[in-house]
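# Summary of structural features
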Amino acid sequence: MTLLQPTKSFNISKGLIYEAYKRVKANKGSGGVDGQSLEDFEQRLSQNLYKLWNRLSSGSYFPQAVKRVDIPKADGGMRPLGIPTVADRIAQMAVKMQIEPELESHFHPDSYGYRPGKSAHQALEIVRKRCWKRAWVLDMDIKGFFDAIDHQLLQRAIDKHVKLSWQRLYIKRWLEAPVQHADGHLEERTQGTPQGGVISPLLANLFLHYVFDVWVGKHWKGIEFARYADDIICHCRSEQEAIELQALLTKRFNDCGLQLHPVKTKIVLCKDWKRKVDFDQVSFDFLGFTFRPRLIKASNGKRLVYFLPAISQAAAKRIREQINQWSWLKWSQNTIMDIIWFSRNKIRGWMEYYGKFGRGAIINVLFHFDLRLTRWAMRKFKSVKTLMQGANRVGIFRNKHRLFLAHWNRGRL
């Protein structure tokens, strides 16, 4: 008698799960509530991947609780992250890989966050250009967006676009998975998608695609906006248009279970040398940059006011704090090249991101590194008695080795 292999409820290839694992591995990340790291998972890689595939294929897969981690925000508050387990991240990646192409074919071209082929720099560039064309901006901040997403509304969008039943089933289970707090207690979830989940940014984009992108295009013709996840900049032709748009969108978001932050949402005048109107708000922050009037020397030699972006004070503060946290005291036993090798990739990353607009501003921020290096030289070398002597010693080294660090090379990487 021939024994028949039990049929699976869902047709999921093992190759899909392995490819999802490789992408999760490339993204790195910490362990979830089970404490299992990627390295731990790989100790029995074949068995763990087979077990996950088997559970997914049979319909018996249920995600574990999401680990709650709070990280500091630039404004002094805390941002709640939800960290799934390694196995759950692989499962989410498998679904994401399959449904993302379909969703991407519908998403708005002015949505830039967490999308293949899109970047923060692209969003910043389009905002910069549109601030020259239109004098008024509505800068919107959605209060606690990821935690406030309405599951029923999101499920309607999922049902419209996600074709396979197993994908819809597991997305629903991920949305409903409880959150485990630091003290161990579980919080049941009836709304939101955890910031930190692999599939959460895609679901968040799908939600705002219908709540904002499509809806505002239908109800406010000719609107120009740039959206990076839940950070939204709308460009308006007049102050009155911005006021009316804010009222319209406040109601729209409220109807969809979201709330515009009453303080952080604001109307801004993109003031420059041509716009003589007086207005209280003439700056806004977007993706780590502050857009505001800046006095710039034009090609004809005249100094004129232009509305331009450069690194924000909050981002600059975070960079200085990170530099301060490096092991400067322990490095008294190290050479200057040890410090260079430790810091060069971090400094290059800051220069690559913040040097795209207002390069001089980020170079000025990174002067803080030179200052800490000067103080290190005072501790390291007995002959260096004053801050000026330390600065001279660092300056001589910098002038000889400008290629070592991106800001020493004036950002030419």
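Sequence order sets the numbering: in each chain, residues are counted from 1 along the sequence as written. For this predicted model, a pLDDT threshold of at least 70 governs which residues receive local features, and a threshold of 80 or more governs which side-chain atom pairs are given and counted, while totals over whole chains, interfaces and linings are taken from all residues. In computing side-chain values, all of the structure's heavy atoms are included and hydrogens and water are not.

## Here's the deal with the overall build of the chain
Going by this rule: Starting at the N terminus, helices and strands are each numbered in turn, a helix being any DSSP run of H or I of at least four residues and a strand any DSSP run of E of at least two. Here, Shrake-Rupley sampling with a 1.4 Å probe gives the accessible areas, and only protein chains in the shown set may cover a residue. The charge count treats Lys and Arg as positive and Asp and Glu as negative. His and the chain ends do not count. Throughout, a charge is located at the NZ atom of Lys, the CZ atom of Arg, the CG atom of Asp or the CD atom of Glu.
The helix and strand tally for the chain stands at 14 helices and 11 strands. For the chain, the accessible surface area stands at approximately 21,600 Å², while carbon and sulfur atoms represent 52% of it. Both charge centroids of the chain, one from 68 positive and one from 38 negative side chains, sit 9 Å from each other.

## Side note on the pattern of salt bridges
Definition in use: Whenever Lys or Arg places a side-chain nitrogen within 4 Å of a carboxyl oxygen from Asp or Glu, that contact is recorded as a salt bridge. Summary of the burial criterion: residues with accessible area below 20% of their type's maximum are buried, those above 50% are exposed, and those between are partly exposed, where the area comes from a 1.4 Å probe applied to protein chains only.
Going through the model one piece at a time under the given rule, you end up with 19 salt bridges. For lysine 96, the salt bridge goes to glutamate 100, with nearest N and O atoms at 3.4 Å. Here the residue lysine 96 and the residue glutamate 100 both occupy positions in helix 4 (residues 86-104), the gap between them amounting to four residues, near one helical turn. Note on glutamate 100: relative accessible area 12%, which makes it buried. Between aspartate 278 and lysine 271 there is a salt bridge whose closest N-O contact spans 3.4 Å. When salt bridges that share partners are traced, they join Asp110, Arg130, Lys133, Arg134 and Glu224 into one network.

## Description of the packing of aromatic side chains
Put simply, the rule is: To pair, rings of Phe, Tyr and Trp, with the six-membered ring standing in for Trp, must have centres within 6.5 Å; the planes then decide the type, stacked if under 30 degrees apart, edge-to-face if over 60, and tilted in the middle. Charge over a ring is defined by NZ of Lys or CZ of Arg lying within 6 Å of the ring centre and within 35 degrees of the ring normal.
This model, assessed by the stated rule, comprises 28 aromatic pairs. Pairing tyrosine 50 with tryptophan 53 gives two aromatic rings, centres 5.4 Å apart and planes at 45°, and the pair type is tilted. Remark: tryptophan 53 and tyrosine 50 occur in helix 3 (residues 45-58); sequence separation between them is three residues, near one turn of the helix. Judged by centre distance (5.3 Å) and plane angle (70°), the ring pair of phenylalanine 145 and phenylalanine 146 falls under edge-to-face. Accessibility expressed as a relative area gives 2% for phenylalanine 145, which makes it buried. Overall, the relative accessible area of 6% leaves phenylalanine 146 in the buried class. Through successive ring pairs, a cluster of aromatic residues spans Trp326, Trp328, Trp331, Phe342, Trp350 and Phe369. Sitting over the ring of tryptophan 53, lysine 14 keeps its end group 4.8 Å from the ring centre. The lysine or arginine in question, lysine 346, covers the ring of phenylalanine 342, its NZ or CZ lying 4.1 Å from the ring centre.

## Considerations on the environment of alanine 229
Filter applied, for reference: The contact rule is simple, with two residues in contact once any of their heavy atoms fall within 4.5 Å.
On the secondary structure map, alanine 229 appears in the loop between strand 6 (224-228) and strand 7 (231-236). Considered as a pair, alanine 229 and leucine 208 are 21 residues apart in the sequence and their alpha carbons are 8.0 Å apart. In this structure, alanine 229 is in contact with Gly113, Tyr114, Asn205 and Leu208, ignoring residues within four places of it in sequence.

## Thoughts on the nonpolar core
Heads up, the rule is: Nonpolar cores were defined as sets of buried Ala, Val, Leu, Ile, Met, Phe, Trp, Tyr and Cys residues, with membership established by side-chain atoms within 4.5 Å.
Core analysis: the biggest nonpolar cluster contains 70 residues, and Ile90, Ile171, Phe212, Cys234, Leu249 and Phe253 have the highest contact counts within it. Setting aside its immediate chain neighbours within four residues, isoleucine 90 contacts Ile17, Ala20, Tyr21, Val24, Phe41, Leu49 and Leu52. Counting residues in each nonpolar core, the second largest holds 47 residues, with Tyr112, Phe284, Ile347 and Ile363 among its members.

## Some details on the sheet that holds strand 11 (residues 303-311)
Keep this limit in mind: The pairing criterion for strands is at least two bridges between them, as found by DSSP. With axes taken as lines fitted to C-alpha atoms, and helix axes fitted only over the stretch in contact, angles between N-to-C directions fall between 0 and 180 degrees.
The antiparallel open sheet is built from three strands, whose spatial order is 9-10-11. The sheet terminates laterally at strand 9 (284-286) and strand 11, the two strands that pair on one side only. Each strand of the sheet is rotated relative to its neighbour by a mean of 50°, with strand direction disregarded. Note that strand 10 (residues 289-297) and strand 11 share nine bridges and pair antiparallel. The residue bridging lysine 297 from the neighbouring strand is arginine 303, located in strand 11.

## Quick word on the side chain of asparagine 205
Take asparagine 205: it is sitting in helix 9 (residues 200-219). The class for asparagine 205 is buried, based on a relative accessible area of 2%. When sequence neighbours within four positions are dropped, the list of residues in contact with asparagine 205 reads Phe107, Ser111, Gly113, Tyr114, Arg115, Arg227 and Ala229.

## Notes on the packing of helix 4 against helix 8 (residues 165-176)
Operational definition: Angle categories are assigned with fixed cut-offs, so that under 35 degrees is roughly parallel, over 145 is roughly antiparallel, 65 to 115 is roughly perpendicular, and the rest are oblique. Crossings are classed by handedness, with left-handed meaning an anticlockwise turn of the near helix from the far one by less than a right angle and right-handed meaning a clockwise turn. All amino acids are sorted into three groups, where Ala, Val, Leu, Ile, Met, Phe, Trp, Tyr, Cys and Pro are nonpolar, Asp, Glu, Lys and Arg are charged, and the leftover types, Gly among them, are polar.
Two numbers describe how helix 4 lies on helix 8: the axes approach to 11 Å, and their chain directions differ by 130°. In terms of axis orientation, helix 4 runs oblique to helix 8. Crossing hand, helix 4 versus helix 8: left-handed. Between helix 4 and helix 8, the contacting residues are Ala91, Gln92, Val95, Gln98 and Ile99 on the first element and Trp166, Gln167, Ile171 and Trp174 on the second. Residue classes in the contact of helix 4 with helix 8 are distributed as six nonpolar, three polar and no charged.

## Structural notes on the confidence of the model for the chain
Keep this limit in mind: pLDDT is a per-residue confidence score from the predictor, ranging from 0 to 100.
On average, residues of the chain score 93 in pLDDT, and 96% of them reach the 70 mark or higher. The least confident element of the chain, judged by mean pLDDT, is strand 2 (residues 78-83) at 85; the most confident is strand 8 (residues 266-269) at 98. Predicted confidence is poor over residues 1-5, with pLDDT under 50, and the contacts of this stretch with residues over four places away or in other chains come to zero contacts.

## A closer look at the environment of serine 60
With respect to the helices and strands, the residue serine 60 is situated in the loop between helix 3 and strand 1 (66-72). The partly exposed category is assigned to serine 60, whose relative accessible area is 41%. The residues contacting serine 60, other than those within four sequence positions of it, are Arg55, Tyr170 and Arg173.

## Quick notes on the state of the cysteines
Applied cut-off: Note on disulfides: each one is a pair of cysteine sulfur atoms within 2.5 Å.
This model, assessed by the stated rule, comprises zero disulfides. In this structure cysteine 131 is not part of a disulfide, and its nearest cysteine sulfur, from cysteine 270, lies 3.6 Å away. In this model cysteine 234 remains outside any disulfide bridge; the closest cysteine sulfur is found in cysteine 236, 6.2 Å from its own. For cysteine 234, a relative accessible area of 0% translates into the label buried.

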